[in-house]
Structure formats: structure tokens, C-alpha cells
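Each chain, written out:
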2 protein chains.
Amino acid sequence: MKLNIALLPGDGIGPEVTAESVKALKAIATEFEHTFIFESAPVGAVAIDETGSPLPEKTLELCKNTDAVLFGAIGDPKYDNDPEAPVRPEQGLLKLRKSLGLFANIRPVKAYDSLLDASPLKEEKIAGTDISIYRELTGGIYFGEKQLSEDGNYASDLCAYSREEIERIAHLAFKAARQRDNKLTLVDKANVLESSRLWRKVVTEMGSQYPDVELDFLFVDNAAMQLILNPGQFDVILTENMFGDIISDEASVIGGSIGLLASASVGEQFALFEPIHGSFPQGKGKGIANPIASILSAAMMLDHFNLTEEAQRIRDAVDKSLELDITTPDLNKNGNRISTRQVGDFIEDFITNPD
Amino acid sequence: MKLNIALLPGDGIGPEVTAESVKALKAIATEFEHTFIFESAPVGAVAIDETGSPLPEKTLELCKNTDAVLFGAIGDPKYDNDPEAPVRPEQGLLKLRKSLGLFANIRPVKAYDSLLDASPLKEEKIAGTDISIYRELTGGIYFGEKQLSEDGNYASDLCAYSREEIERIAHLAFKAARQRDNKLTLVDKANVLESSRLWRKVVTEMGSQYPDVELDFLFVDNAAMQLILNPGQFDVILTENMFGDIISDEASVIGGSIGLLASASVGEQFALFEPIHGSFPQGKGKGIANPIASILSAAMMLDHFNLTEEAQRIRDAVDKSLELDITTPDLNKNGNRISTRQVGDFIEDFITNPD
Ligand SMILES: [Mg+2]
Ligand SMILES: [Mg+2]
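## A few points about the coordination of the magnesium ion (ligand 1)
Ideal values for angles at a metal depend on the geometry: 109.5 degrees with four tetrahedral donors, 90 or 180 degrees with six octahedral donors.
Alright, step 1. Coordination of the magnesium ion (ligand 1) by the protein involves Asp245 of chain A (OD), Asp249 of chain A (OD) and Asp221 of chain B (OD), with metal-donor separations of 2.1 to 2.2 Å. Of this pair, Asp249 of chain A sits in helix H10 (residues 241-254) while Asp221 of chain B sits in helix H9 (residues 220-229), on two different chains.
Alright, step 2. On the basis of relative accessibility, which here comes to 11%, the residue Asp249 of chain A falls in the buried class.
Alright, step 3. Asp221 of chain B sits in the buried class, given a relative accessible area of 10%.

## What to know about the sheet that holds strand E12 (residues 271-275) of chain B
All names here are of chain B.
Alright, step 1. Taken in spatial order, the ten strands of this open sheet run E2-E1-E3-E12-E11-E4-E5-E10-E8-E9, and their pairing is mixed. Sheet topology places strand E2 (35-40) and strand E9 (214-219) at the edges, where each strand pairs with a single neighbour. Averaged over neighbouring strand pairs, the angle between their axes works out to 25 degrees when direction is ignored.
Alright, step 2. Sheet analysis places strand E1 (residues 2-10) next to E2, joined by six bridges and oriented parallel. If you follow Ala6 over to E2, its bridge partner there is Glu39.
Alright, step 3. The sheet contacts of helix H7 (residues 163-179) involve strand E4 (104-110), strand E5 (130-136), strand E8 (183-188), E9, strand E10 (236-239) and strand E11 (262-266), and relative to E5 the element is tilted by about 165 degrees.

## Observations concerning the packing of H7 of chain B against helix H8 (residues 194-207) of chain B
Residue and element names in this part refer to chain B.
Alright, step 1. The geometry of H7 relative to H8 is characterised by a closest axis approach of 10 Å and an angle of 50 degrees between their N-to-C directions. One finds that H7 runs oblique with respect to H8. For the crossing formed where H7 meets H8, the hand is right-handed. Residues Arg163, Ile166, Glu167, Ile169, Ala170, His171 and Phe174 of H7 touch H8, and the partners they reach there are Leu198, Trp199, Lys201, Val202, Val203, Glu205, Met206 and Gly207.
Alright, step 2. Tallied by class, the residues present in the contact of H7 with H8 amount to nine nonpolar, two polar and four charged.

## Section: the sheet that holds strand E4 (residues 104-110) of chain A
The strands that make up a sheet pair up through hydrogen bonds in the backbone, lying either parallel or antiparallel.
Residues and elements named next belong to chain A.
Alright, step 1. What the ten strands build is an open sheet, ordered E2-E1-E3-E12-E11-E4-E5-E10-E8-E9; its pairing is mixed. Among the strands making up the open sheet, the edge pair consists of strand E2 (35-40) and strand E9 (214-219). The sheet shows a mean angle of 25 degrees between the axes of neighbouring strands, direction not considered.
Alright, step 2. Where strand E3 (residues 68-73) and strand E12 (residues 271-275) come together, two bridges link them in parallel fashion.

## So, the packing of helix H1 (residues 14-32) of chain A against helix H13 (residues 340-352) of chain A
All names here are of chain A.
Alright, step 1. At their nearest, the axes of H1 and H13 sit 9 Å apart, and the two run at 10 degrees to each other. Put simply, H1 runs roughly parallel to H13. Contact residues: Glu16, Glu20, Lys23, Ala24, Ala27, Ile28 and Glu31 in H1; Thr340, Arg341, Gly344, Asp345, Ile347, Glu348, Ile351 and Thr352 in H13.

## Section: the relation of the copies chain B and chain A
Alright, step 1. Between chain B and chain A, the superposition needs a rotation of 179 degrees and an axial shift of 0.0 Å, giving an RMSD of 0.1 Å. What the superposition gives is, in effect, a two-fold axis relating one chain to the other.

## Quick look at unusual backbone geometry
Alright, step 1. Even without being a glycine, Glu33 of chain A presents a positive backbone phi close to 55 degrees.
Alright, step 2. Looking at where Glu33 of chain A falls in the secondary structure, it is placed in the loop between H1 and E2.
Alright, step 3. Positive phi is not limited to glycine here, since Asn182 of chain B has a value of about 60 degrees.
Alright, step 4. Relative to the helices and strands, Asn182 of chain B resides in the loop between H7 and E8.
Alright, step 5. Asn182 of chain B gets classed as partly exposed once you look at its relative accessible area, which sits at 27%.

## Focus: the interface of chain B and chain A
A common way to express how large an interface is: the accessible area buried when the components associate.
Alright, step 1. Taken together, the contacts link 48 residues of chain B with 48 residues of chain A.
Alright, step 2. Overall, the association of chain B and chain A removes approximately 4100 Å² of surface from exposure, summing both partners, and the carbon and sulfur fraction of that is 67%.
Alright, step 3. Connecting chain B to chain A are two salt bridges.
Alright, step 4. In this structure, the salt-bridge partner of Asp245 of chain A is Lys189 of chain B, at a minimum N-O distance of 2.8 Å.
Alright, step 5. Applying the counting rule to chain B against chain A returns 22 residue pairs in polar contact (both at pLDDT 80 or more).
Alright, step 6. Of the residues that constitute the side of chain B that touches chain A, the class distribution is 26 nonpolar, eight polar and 14 charged.
Alright, step 7. Examined bridge by bridge, strand E7 (residues 154-162) of chain A and strand E7 (residues 154-162) of chain B share nine bridges and lie antiparallel to one another. What sits directly across from Asp157 of chain A, in E7 of chain B, is Cys159 of chain B.

## A look at the packing of aromatic side chains
Residues and elements named next belong to chain A.
Alright, step 1. By the definition in use, this model includes six aromatic pairs over all chains.
Alright, step 2. Pairing Tyr161 with Trp199 gives two aromatic rings, centres 5.1 Å apart and planes at 80 degrees, and the pair type is edge-to-face. Note that Tyr161 is positioned in strand E7 and Trp199 in helix H8 (residues 194-207), a separation of 38 residues in sequence.

## Let's talk about helix H12 (residues 308-323) of chain A
All names here are of chain A.
Alright, step 1. Compared with the 22 Å implied by 1.5 Å per residue over 16 residues, the 22 Å span of H12 between its first and last C-alpha is a close match.
Alright, step 2. Of all the positions in H12, only Glu310, Ala311, Arg313, Ile314, Ala317, Val318, Ser321 and Leu322 are classed as buried.
Alright, step 3. Taken together, the buried residues of H12 touch H1, helix H11 (292-304) and H13.
Alright, step 4. A positive backbone phi angle near 60 degrees is found at Asp325, which sits one or two residues after H12.

## Thoughts on the coordination of the magnesium ion (ligand 2)
Alright, step 1. At this site the magnesium ion (ligand 2) is bound by Asp221 of chain A (OD), Asp245 of chain B (OD) and Asp249 of chain B (OD), with donor distances of 2.1 to 2.2 Å. Note that Asp245 of chain B and Asp249 of chain B are positioned in helix H10 (residues 241-254) at a spacing of four residues, about one turn of the helix.
Alright, step 2. Judged by relative accessible area, Asp245 of chain B falls into the buried class, the value being 5%.

## Some points on the side chain of Glu250 of chain A
Alright, step 1. Positionally, Glu250 of chain A belongs in helix H10.
Alright, step 2. For the buried residue Glu250 of chain A, which engages in no salt bridge, the nearest side chain bearing the opposite charge is Arg107 of chain A, 11 Å off.
Alright, step 3. Those residues in contact with Glu250 of chain A that sit more than four places away from it in its chain are Ala224, Leu227 and Ile228 of chain A together with Ala224, Met225, Ile228 and Glu250 of chain B.

About the thresholds
- Residues numbered from 1 in each chain as written.
- Chains lettered and ligands numbered in written order.
- Predicted model: local features only at pLDDT ≥ 70, side-chain atom pairs only at ≥ 80, totals over all residues.
- Heavy atoms only, no water.
- Donors = N, O, S within 2.8 Å, 3.2 Å for Na, K, Ca; no water.
- Helix = DSSP H or I, 4+ residues; strand = E, 2+ residues; numbered from the N terminus.
- Buried < 20%, exposed > 50% of the residue type's maximum accessible area, 1.4 Å probe, protein only.
- Pairing = 2+ DSSP bridges.
- Axes fitted to C-alpha atoms, helices over the stretch in contact; angles between N-to-C directions.
- Contact = heavy atoms within 4.5 Å.
- Parallel < 35°, antiparallel > 145°, perpendicular 65-115°, else oblique.
- Left-handed = near helix turned anticlockwise from the far one by under 90°.
- Nonpolar A, V, L, I, M, F, W, Y, C, P; charged D, E, K, R; others polar.
- Least-squares fit on C-alpha atoms with pLDDT ≥ 70 in both.
- Buried area = accessible area lost by both parts, 1.4 Å probe.
- Salt bridge = Lys/Arg side-chain N within 4 Å of Asp/Glu carboxyl O.
- Polar contact = N/O pair within 3.5 Å; in protein donor to acceptor, adjacent residues only side chain to side chain.
- Phe/Tyr/Trp six-rings, centres within 6.5 Å; stacked < 30°, edge-to-face > 60°.
- Expected span 1.5 Å × (residues − 1).
- Lys, Arg positive; Asp, Glu negative; His and termini not counted.

And the structure:
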């Protein structure tokens, strides 16, 4: 397969971790005889420095003319701590998501056996957890009509959804469940909200197209409890924008390391893959950034193009690195000083020689 | 002090646990020379059976003519499992809250040293946690205008707040912080929502009236993480209705036992105190229900009337019962069969003879 991949390394540790994903992808290309062509473009603070815009026109053009975007991280204290800053690095990502029509955010949460001690939850609670969260990303209350009364004493936000917005992401979630453990949980608040009742109605109707997928429902307040009490009960979680924001962030901490968490944002035509960690400017250039979240984002990209075996090869390499404690300082148990690049080297080697 | 207290024991285990709170309150009255006058009335399924309504007019009248309401629990499978039931027990509580204008729901979350092993979180994460959550209860998206398009393919809910709705609960939360560790955290989503920005503006302005209270802010998605990563950082949390629903339910499981969690719902004129657990119909009449959540609700009632020393006496008795493992089967570690009444007897005794 030939894939054109836009590289948007961004700020802080973004370039360092993205470099390691590229190494992993190049090893996959060699091993499986694919052609991956990478082209880089600036985004975030580095783009503001170069062009004045966090998402230059040329960067957006590149993204629209490639098959997928591999994104690093954005954010720089130079802009973030200046309340007067006219443009902010984060606007680059928001504008990019919107321009590419990325309506579904996908966040896997997995408890690695070798890292159970890093979780704030007791090991027996978290062991075996493997969840994929599908969050609607372009609708709901974050994008609904906002009002502030003239006297400034009354404010409102509208949470609205259409059948179409629900169906397009629900199809993705049902299909994902088929590739996994055939279970889909819709998180809503259908006992109170009209918009949640629409979600429940539409998703229930769609269930008949996916009779092999077990569908259940959970109110969001209960879901917030169940993620802590028994995270192993979940397979695929589907939910609207704000509930997804809360639930996926809550779920992100139960695994014990944010340095492992990948994400995908997909739309009808485009897809973007990025680690959920930020730009960690204090860690920049020190070789201490954990590249695994970025490398697992590259694996999600391969899955997106149905390169399942290739994606699994990357995941096996990551599993092995964790098992052998070939990890950056955020995870390393033996006090070994293993760098970002050394983790990437190990994963690259394992992809080439998995035995 | 003379207090008229309406007792609404309700369904399932409600009457059993409420009986133990009454015993504790009577012991307090004797010890501290107060006069507490109790009058009972039906609510929930028992009220439907008696009168056809889950909140009979006479019950509501009683509540409006007393100083405080001590509530048990409602819900009965006879009605809950019948989708055709014209009235439901839960409607009784919703109507009561509304009729009494109870706009603030207060939920304490505390990690008891003797119960740290019961928490899904690691002991070192949860130790020392002592939070009081103030949730706005009558505004926001749960009560905003709802719309469903005629073709049923579009639905919306409005989240609206006025300055006045925010101020009245914020005053309660600031005052509570003063009685505790002088820290107040507003949970909102002010980076996205107009209504959250109003909350933040109003609460920030009010901060100048409470210069001794340290005020900080947390986005709700981050709060959902921080409650797991470091619950000990919180003192009083203030938030709007839906965020409060999610956050307080999430927080309720970190302590390890829902059988210990009390709550208060207060308004300008009235106040109601209840355990957060439900009616647990399977446990009815078996003497296995944990009465502590109800007893701690009675302590919150005493606090509400500034009977601080009296409330503390109840809490000391509860602490002692947990320390000595004089607990119902849900918590008991030694396999002793201690009943609801025996726990209540111990607490009553300790109130009378604390040494
Ligand atoms: Mg978030
Ligand atoms: Mg709830």
C-alpha cells in the first residue's frame, strides 16, 4: 500500500516523539513492502513564529492532499502564559480538526500488565482493562448557540444533535466493536435530556443492523462510577461530545500513564493521529519524552487503513518494550536512563526482528 | 434548641435506617438538653399504596411546617419494574425537592482510615480525603427548555443560569469552606461554555467578600481526573447541576462504601437530609442495612442548625464504630453478624458515654 502521510510535529516534545513513530512506520514499510511517503509542515507555536499563524494555509493544504496526518503536540509557554497573545498555538489544532471535518475522536484505554502498579486504582480493579472510547467531536453543547444577556447576568448554551451526526459516529463505533469484543455501551443521560433520548433512539434502531454487537446503555453519572468500580466491563464506549470529554479524561488516568495514550480523530475524508499528552515544554530536547503514545497513534493509523497485522506488530513491539522495562524515566522501574530515541530504536528493531 | 423534624422513612430499608438516626438524635437531645419533636409521614411506594400519590398533600404540608426533613429512601420493584406504572415512587422526592425550593445539594466524601482497603483506589491515593461537594440542584441543562423536531430527527436541551441562581449556592459553599479548610474549587468548563463563564465571573467577584477563602478553578474534564489522581487536594467543590451529578457520583465510589454517604438538600427556607443509597428492597427487614449514611445525614442536619458540637459527637460515634468494626455485613471484616439495630445501639451508647 502507498500512503502519503503529513507530519505535523508541532511544539515542545512533539518533534522528538514523532521522529520515533516515523522510524517505526519506516520499519513497517520495509518489512511489509509498503510505501509511506512523509512530508512535514509547521503547526502551533513554531508555525506562529514562522508565519504568524498557528495553522498556515500551506500546512492545511498539505493535510488535505495526504492520506493521513500524524500530529505531535502543540503549546508553548511563550504564548500560553500571555493573556494578550492575539493567536494561540491550540487554535491550530482546533482549526485543523474543523477544516478536516473530524467528527469522531477515538481514545483507547488499556491497562498493561507490566504497569499495573502505576495506576491509582488497585491492580485487581484495573487488570485486563481494554476500552475504546468513541467521542462525538463537532456537535453538542460545545458548539451550540451561546447567549449572554446584555446586563451580563444570564448565560446559556444549547446542546443540540441531529440524527445524521449521531449515525455517522455510531456506525464507526459499531464497526469497531465487531473488530473487538462485540460490545457497545452508549453513555447518555436519557432519563433527563431530550438530546440523549435522540441518541438512544437512533443507536437502538441502528443496533438491528449490527445484531452481533451487544448494545447496552449507561447514564453518564453511573458511567463515571463504573469506570472506577469495574473498568473491565467495557469494550467500546460511544458518547456525545461533552460526556466524552469528561469520561475519556477520567478513563485516561486509570491506566497509570498518560505517556502511553494514543488517539485518532476521523471524518468522512480525513484522519489525524496524535498522542493525547501535550507538548511538555520542560522536557523538550532532553531525551526524556515517552514516544510510546505517538508510536501507538501510528499503529492506530495503520488500523485505519486496515493494515491490521502491521498495527499489531507495532503493538507487540510496544508490549515487549514495557515488559523488558525499556522505558523512559516516567515509567522506568530500574532507574536505567533510557532515552526517547533508545525506546524508539528498540521498537524499530523489534518490528524488524520480532523473535 | 427546639426542632420539629419531619420523618419520611419511605420504602425498603428506609424505615430501618431512619429509626437508627432517630435514636442518635434522641440521645443528642438528652445529652445536650434540646427538644427534638418527630412527626412521621408516608412518601414513595408506601404513600402510593396508602393514598395513590408518592407525595401526599399531607406529607408536603408537614414538611413545610417543620424545621427539617429527615428522609429515608424510596423505590419499590413493584413500581420500578412496571413501565406502565402511572405514578412512580421517585416522583415523590423530585416533587418534594421542587416544592421546598431545595437548590443546593451537599455531598460529603470522606475516606475513613479503617476502610481504606474497601476503596477501588490505592490506599495512599485516598488516605486523608475529606471533600464537601456543593451541587446546584434546580437549574442548568436538566431543567432547561427541551426540543424535539416534529420528524424526530433533531433534539436539543438548553443549559441556562442566572447570576442569582449562582450566588445563592456560592454563598453556601464559601461559608462551608470557612468552617472547613478555607478552600473552594469551582468546577466548570469556562474555556468553552458561556454559562460556565458566568459561573466563573460571579464566583470570582464573590471571592472578594470571602478573602480568607482560597478560590481556585478546574475544568470538569480535569476535575474528573484529579478526583482519582489526588482527591486529597479538594476541600469544598462548587459546581452546576449536571457537572455536580457526574462529579459527585464519581467521588462517591472513591471512599469505598456507599453505605456511609450522607447528603443534604437545602433552600432558602427548607432543608432535607438523606442517605445517598437507595431503598435496597432486597435488604428490607433483614437487619443488614447500614444505618451510618442515615445517621451521618442526621449529623448534617445538626450542622445545618449550627449544633456543631452535637454533630461532631455523632461523627465521633460513627468513627468509633468503624474503628472497632461494629459494622453491618457490607463493611464487617471479622465476619461478625452485627445488625442495623446493633450499630445504632452502639452509636446511641457512645453519644451518651463517649469515653
Ligand atoms: Mg478534555
Ligand atoms: Mg447521579
